[in-house]
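Notes for the structure review
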Amino acid sequence: MSFNAVEIIGAKRDGQVLSSDAITWMLNTYNTGGVAEEQMSALLMAVFFNGLNPEELNTWTDVMINSGERLSLSGLSRPTVDKHSTGGVGDKISLILAPLVAACGAAVPQLSGRGLGHTGGTLDKLEAIPGWRAFLSNDEVRDQLETIGAVICAAGQGMAPIDRKLYSLRDVTSTVESIPLIASSIMSKKIAEGTEALVLDVKVGRGAFMKDLDRARKLAETMVDIGTQHGVKTVAQLTNMNVPLGIAAGNALEVIESVEVLRGGGPQDVRELTIALAQIMLELVSISADPAAMLDNGTAYETYRQMISAQGGDPDYEFPRAAKIETYESPSSGIVNRLDALGVGIVAWRLGAGRARKEDAVSAAAGVRVLVREGDRVEKGQPLLELHADDDAHMQSGRDALTSSILINDEEPDQTPLLIDQVRK
Ligand code: URA
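The residue numbers shown here count from 1 along each chain, following its written sequence. The predicted nature of this model means local features are confined to residues of pLDDT at least 70 and side-chain atom pairs, given and counted, to a pLDDT of 80 or more, with totals for whole chains, interfaces and linings taken over all residues. Hydrogens are left out, water is left out, and the side-chain values use all remaining heavy atoms of the structure.

**Description of helix α15 (residues 341-353)**
Cut-off, in case you're wondering: In this text, helices come from DSSP runs of H or I with a minimum length of four residues, and strands from runs of E with a minimum of two, each type numbered from the N-terminal end. The span you would expect from a helix comes to 1.5 Å times its residue count less one. To sort residues, take the accessible area from a 1.4 Å probe on protein chains only and compare it with the maximum for the residue type: under 20% means buried, over 50% means exposed, and anything in between is partly exposed. The contact rule is simple, with two residues in contact once any of their heavy atoms fall within 4.5 Å. Contacts described as polar in this section are N or O atom pairs within 3.5 Å, which, within protein, must combine one atom able to donate a hydrogen with one able to accept it, while residues neighboring in sequence count only if both atoms come from side chains.
With 13 residues, α15 should cover 18 Å at 1.5 Å per step; its first-to-last C-alpha distance of 15 Å lies more than 12% under that length. A341, G343, V344, G345, V347, A348, L351, G352 and A353 are the residues of α15 that are buried. Contact partners of the buried residues in α15: β6 (248-249), α11 (251-262), β8 (334-339), β9 (367-370), β11 (383-389) and α16 (392-400). By the N-cap criterion, in which a side-chain oxygen at the helix start approaches the backbone nitrogen of a residue two or three places on, α15 is capped by D340, the distance to L342 being 2.9 Å.

**As for the site of the ligand**
Put simply, the rule reads: Summary of the distance rule: residues count as near a molecule or strand when at least one heavy atom falls within 4 Å of that molecule or strand. To be clear on the numbers: accessible area is Shrake-Rupley with a 1.4 Å probe, and residue cover counts the displayed protein chains and nothing else. Note that Gly is not counted as nonpolar here; it falls among the polar residues with everything else outside the nonpolar set of Ala, Val, Leu, Ile, Met, Phe, Trp, Tyr, Cys and Pro and the charged set of Asp, Glu, Lys and Arg.
Every residue lining the ligand is accounted for by Y167, R170, I182, S185, I186, K189 and F209. Measuring from an oxygen atom of the ligand, one finds a side-chain N or O atom of R170 at 2.8 Å. Residue K189 places a side-chain N or O atom 2.5 Å away from an oxygen atom belonging to the ligand. Bound to the protein, the ligand loses 88% of the 240 Å² it would expose on its own. At four residues, helix α9 (residues 179-193) tops the list of elements feeding residues into the shell around the ligand. Tallied by class, residues from the shell around the ligand come to four nonpolar, one polar and two charged.

**Details of the packing of aromatic side chains**
Note the threshold: Each Phe, Tyr or Trp ring, with Trp reduced to its six-membered ring, pairs with another whose centre is within 6.5 Å; inter-plane angles below 30 degrees give stacked pairs, above 60 give edge-to-face pairs, and intermediate values give tilted ones. Whether a charge lies above a ring is judged from NZ of Lys or CZ of Arg, which has to be within 6 Å of the ring centre and within 35 degrees of the ring normal.
Tallied over the entire structure, the rule returns four aromatic pairs. Taking the centre distance of 6.0 Å and the plane angle of 35° together, the rings of F3 and W25 count as tilted. Here F3, found in the segment before α1 (5-13), pairs with W25, found in helix α2 (residues 20-31); they are 22 residues apart in sequence, far enough to count as distant. Under the relative-accessibility criterion, F3 is labelled partly exposed at 22%. Exposure remark for W25: the relative accessible area of 25% places this residue in the partly exposed category. Residue placement shows K165 over the ring face of Y30; its charged tip is 4.3 Å from the ring centre.

**Side note on the domain arrangement of the chain**
Where we set the bar: Where each domain begins and ends follows an automated or database-derived domain assignment. Accessible surface is computed with a 1.4 Å probe, and the buried area is the amount of it that two parts give up when combined, taken over both parts together. A side-chain nitrogen of Lys or Arg and a carboxyl oxygen of Asp or Glu constitute a salt bridge if their distance falls within 4 Å.
Taken domain by domain, the chain consists of domain 1 (5-51), domain 2 (81-316) and domain 3 (324-409). Taking the mean C-alpha position of each, domain 2 and domain 3 sit 24 Å from one another. The partner domain 3 presents 28 residues to the 24 residues of domain 2 that form the contact. Considering only the surface of domain 2 that becomes buried against domain 3, R206, I247 and L253 emerge as the three largest contributors, covering 28% of it. There are four salt bridges connecting domain 2 and domain 3.

**Comments concerning the packing of α1 against helix α3 (residues 37-50)**
Put simply, the test is: Angles here are taken between N-to-C directions and fall from 0 to 180 degrees, while the axes themselves are lines fitted to C-alpha atoms, restricted in helices to the stretch in contact. Geometric relationships in this document are graded by angle, where less than 35 degrees denotes roughly parallel, more than 145 denotes roughly antiparallel, 65 to 115 denotes roughly perpendicular, and other angles denote oblique. In this scheme the crossing of two helices becomes right-handed for a clockwise turn of the near helix relative to the far one and left-handed for an anticlockwise turn of less than a right angle.
Between α1 and α3, the shortest axis-to-axis distance is 8 Å and the interhelical angle comes to 20°. What the angle tells us is that α1 and α3 run roughly parallel. Relative to α3, α1 is oriented so that their crossing is left-handed. Counted together, A5, V6, I8, I9, K12 and R13 of α1 and Q39, A42, L43, A46, V47 and N50 of α3 form the full contact between these two elements. Considering only residue class, the contact of α1 with α3 consists of eight nonpolar, two polar and two charged.

**Observations concerning the sheet that holds β9**
The cut-off we apply is this: Note on pairing: DSSP must find at least two bridges between two strands before they are called paired.
Sheet architecture is open: four strands sit in the order β6-β9-β11-β7, paired in antiparallel fashion. Each having just a single partner strand, β6 and β7 (324-329) make up the two edges of the open sheet. The pairing of β9 with β11 spans four bridges and is antiparallel. Across the sheet, the residue bridging to G367 is H388, located in β11. Taken strand by strand, α15 contacts β6, β9 and β11, and its axis lies near 140° from that of β9.

What follows is the structure, encoded as structure tokens:
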């Protein structure tokens, strides 16, 4: 059967259901250069407005998975389980969770990405450790999963290559925020990675992709459906991203905080979320272990040390302090009514912790430490945030963004719980 890109675009524009063959032809032909960028842009916009039904979405995801290599993790002596977060400010959970769940007996293949905009990326954080290697061969990934149980590394270029092309196109055509396009993008990579089970941390709120709960729930349900249909046991946890997670937002600052949690301390919210996600992961692979005890007795920290050393990093590396450190002080006395995750993320990004374009470098030392929590009573002049930057220009740029990060008044804040709800099949 022969297809025509213009007819496929027109059909989706008019709200029709696309056949499996039409979707397969369109995506594969785009991948090999036979469908033009402007045609695929038009189809993405039509999908943005008219969506994909479950059958269309399954085909769309399958074509993306089959466009590249699939990691084979069968034959490992441990069950495999992974976590994916939709991204937030101060979200360093992967750094703690992967070694923690490995210490409990599972294998955690955390194929991760870099940060873009105000949300940080796991690889950027670990690359703050000199010598640590993000790029591993498939054999190295397997070996490390067998011996240590945890790997955090860059997803190979060969995995779901159509997603890479589509993601760049979505970025420049304002079609990122579409539930079927986000769900197929995330799940195609996770399914190609070969994990048996998956926990999705779907962030909701001011600092998240999904600002409102209904859309976040719909995204979670869509991803759980795709995972389940592809034989991956998948559960989604909806979590609050109105406020930053923990105290630190910035690469080295987040590694330091992660190590505190791995040693049984650290901020309560980071510990609580890590343990909650670990419990779901362990349940999905039928391992009975107590993750809280593994943090408190040093076992998870020991696995972290092995994981960092295996990839060329020194787990005892002492991060240098940033060249410039300043505090931002409260302009008045009152209650911290709003600590805005997006606002804090933008300050950290402007200080040098994040990148505006994919090819930009990030600073290891730059970032923010949040010294108060929502609901705290503060006095005029009390330090609220600690700003870290490499030079005066970045410090000034971060300072210029401060006003939207924190609001002091006389009103008690809205208290959304950290763990909002779970989505399961
Ligand atoms: N992360 C992805 O991998 N894809 C998206 O579409 C959004 C977030």
